[in-house]
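Listed below, chain by chain, are the residues.
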Amino acid sequence: MAGTQSEAVRLAALQELRLLDTPSSESFDRITRMASQLFGLPSAAVSLTDRDRQWFKSRVGIDVTSMPREGAPCAEVTATRDVLVLSDIAQDPVYRDTPLAQSGARFYAGAPLLTHNGLAIGSLCIAGSEPRQFSTAEAAMLRDMAAMVMAQVELQHAYGRIDPLSGFPNRTQFVEDLNDLVLTEPMGSQRLVVFVDLASPEELSHAARVIGASFLDELVREASQILRSALGPARTAYMIGTSQIAFLARRDVAEDAYIGLVASMLGAIRSNASSRFVTTVAIGVVPFKLGQTDPGDVLRLAHCAAQDARLMDTKVSLYSPEQDALHRRRFDLLNGFGQALEEASQLSLVFQPRVALNTGLCLGAEALLRWTHPELGSVSPGEFIPLIERMSLAKPTTTWVLDTALTQLAAWLSHGMDLILSVNVSAGNLNEADLVDRIMGLLARHGIPPYRLELEVTESAVMEDAGHALEQLQRLSAAGIRLAIDDFGTGYSSLSYLQALPFDVVKIDRSFVAGCAEDARQRSLVATMITLSHDLGYRVVAEGIETQETADLILGMGCDESQGYFFGRPMKAEEFEFWYRSNSNQ
Ligand code: C2E
Ligand code: MG
Ligand code: MG
């Protein structure tokens, strides 16, 4: 049984070297030519012991490319891992009737081809048509030449697998080594992979702009030195990406204790690296079971865990299936949203009324995006909007929403409805150089006067890039479009700062409004927000009024308008039109 298993390991090692059935190569032919000349024999070969054949990677004076393993002296060399000499094959009890003897060979000598971990993959052999003696010195020489063959094999194997900067093997090697672990360790045993992400993509691109491309080289070089000394000579790390390094934790480590250890290693990288002021190192740790998780998946999960780690104080995160499900969902949503924008049948708008608090009459509506994913069903904008805002999808999304909303508004205006429509724009939209022209173009195309459109920008979006945002907002305002600060109170900006921006409306976030009825402090906070906003010349809208009680309270504070479930939920266009008829003077 042990024999079968070691044969399986041996065969796997041979396969992994990717030598079988490859074209001949000068680097091996040079050695076989030399062997043939040195020993004055017509034939020499690099002969690899496959499952049931001897396959010649290189051959001199031999016509065939392989011969059966059974009865081949090279197979015995592989099995015994020792030099074999047959001084006269015709006299040899084992080999005298084999194909080798029948081909006319009388002399054979072979030395084993041994990998660095002692597995025999074949033999370097020489043969001649006359019986011959082989001295110990000659045997030693043949052995040396077999070692030369193996040096060449391992050199070729390492080529393209070692990252030149860190000196670590690369991702391909990581995957192979992980696969090979099942050959030496029990299936299903648990191991941990540690994934070190040296910098976020933004940090890398920023540093490359300021310091230059050599920055990354230096970062990788320093981190690999620290890791190498932390892991010791017996273990290796792998260079997975341009700035990502992974390694396997020692067998049988306790997860929790190990996380602590990893955190202290992180501390070492952080405090020693010259790049410590411009990059943040994040570490993801992933437990996996040998033979049950695909190495590619292990890496993917580790990458996710490292990404999550970036958001944590400790910068170390242990992978969990819940997190993975979240990542998958985000990925599916992002992918799916791109498609939804192209097909558009999955997207629609609903409209939530804005009413005058004192009369209850409808003044306008906010257009809110709805998405029905073909498999996941309806997805809340609170979930998908932040995702698409991080990718490059904010521009096409806002364009779609604006176009659809203005088409609807044009229809309503032609039906004699008198309203202002609000559309949400993302922070990224304010960086689009053509934003104002695009919006003006759409308004013109739909024949809508600019004052009928209100754009809602969240407080934090304005703060993100205040300089650029200001210029865009001024142009929009100058064009006659109304501007509203959305979710007011959730950011950190002060009203006096916002006063420098050309806003017309402040929408107080519903988190403040909702608690008004119960909480006296909330109440005075909202009252102050309203008074201050009025002093600064804004119209004030309270978001999220759900009850009569809150409506009365907020009205008592002098608030102008409201938007909330109490007055009307977000509705489909036809429904809204119906609702409007009974909540306006018309
Ligand atoms: P928002 O702009 O502050 O929109 C108001 C949100 O509050 C809407 O949620 C609305 O349904 C909800 N709401 C209104 N009244 C009440 C109430 O009385 N009680 C409660 N519990 N909720 C109320 P929704 O439609 O889920 O949208 C969430 C957010 O997603 C929006 O907040 C907005 O920031 C974003 N969003 C929605 N549509 C778009 C869009 O077309 N473009 C962009 N960029 N963002 C959008
Ligand atoms: Mg809004
Ligand atoms: Mg809001």
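These notes cover the structure that comes with them. (Residues numbered from 1 in each chain as written. Chains lettered and ligands numbered in written order. Predicted model: local features only at pLDDT ≥ 70, side-chain atom pairs only at ≥ 80, totals over all residues. Heavy atoms only, no water.)

## Digging into the coordination of the magnesium ion (ligand 2)
Four donors placed tetrahedrally about a metal ideally form angles of 109.5 degrees, and six donors placed octahedrally ideally form angles of 90 or 180 degrees. Which entries qualify depends on this criterion: The rule for donors is simple: an N, O or S atom within 2.8 Å of the metal counts, and for Na, K and Ca the reach is 3.2 Å. Water is not among the atoms, so a site may look short of donors. Think of it this way: any DSSP run of H or I at least four residues long counts as a helix, any run of E at least two long counts as a strand, and we number them from the N terminus. Summary of the burial criterion: residues with accessible area below 20% of their type's maximum are buried, those above 50% are exposed, and those between are partly exposed, where the area comes from a 1.4 Å probe applied to protein chains only.
Protein-derived coordination of the magnesium ion (ligand 2) comes from Glu366 (OE), Asn424 (OD1), Glu456 (OE) and Asp486 (OD), at a distance range of 2.0 to 2.2 Å. One chain supplies every donor to the magnesium ion (ligand 2), and in sequence these donors are spaced E-x57-N-x31-E-x29-D. Separation of the magnesium ion (ligand 2) from the magnesium ion (ligand 3) amounts to 4.1 Å, with Asp486 serving as a shared donor to the pair. Placement of Asn424 in strand β15 (residues 420-424) and of Glu456 in strand β16 (residues 453-458) is noted, with a sequence separation of 32 residues between them. In this structure Asn424 comes out as partly exposed when scored by relative accessible area, which is 28%. Looking at Glu456, the relative accessible area reads 1%, which means it is buried.

## Some details on the sheet that holds strand β3 (residues 66-68)
The condition is simple: Any two strands are treated as partners once DSSP identifies two or more bridges connecting them. An axis is simply a line fitted to the C-alpha atoms; with a helix, the fit covers only the stretch in contact. Between two such axes, the angle follows the N-to-C directions and lies from 0 to 180 degrees. For this analysis, residues touch if any pair of their heavy atoms sits within 4.5 Å.
The antiparallel open sheet is built from six strands, whose spatial order is β3-β2-β1-β6-β5-β4. For this open sheet the edge positions go to β3 and β4 (84-86), each flanked by a neighbour on one side alone. Mean inter-strand twist for the sheet, computed between neighbouring axes without regard to direction, equals 25°. Note: β4 against strand β5 (residues 107-114), three bridges, orientation antiparallel. Among the inter-strand pairings, Leu86 is bridged to a residue of β5, identified as Tyr108. Each of β1 (43-49), β2 (53-60) and β6 (120-128) touches helix α2 (residues 26-39); the most contacted strand, β2, lies at about 75° to it. Along the sheet, helix α3 (residues 73-80) makes contact with β1, β2, β4, β5 and β6, crossing β6 at roughly 140°.

## Side note on the environment of Ile245
Note that Ile245 resides in strand β9 (residues 244-248). Sequence-wise, Ile245 and Gln15 are 230 residues apart; in three dimensions their C-alpha atoms are separated by 26 Å. Ile245 has contacts with Phe168, Val194, Phe195, Val196, Leu198, Ala223, Leu227, Ala237, Tyr238, Met239 and Ile240, leaving out every residue within four places of it along the chain.

## Looking at the coordination of the magnesium ion (ligand 3)
Every protein donor of the magnesium ion (ligand 3) is accounted for by Asp486 (OD), Asp487 (OD), Glu543 (OE) and Glu543 (OE), and the metal-donor separations fall at 2.0 to 2.7 Å. Mapping the donors of the magnesium ion (ligand 3) onto the primary sequence yields the spacing D-D-x55-E. Assessed through its relative accessible area of 24%, Asp487 is described here as partly exposed. You can call Glu543 buried: its relative accessible area is 11%.

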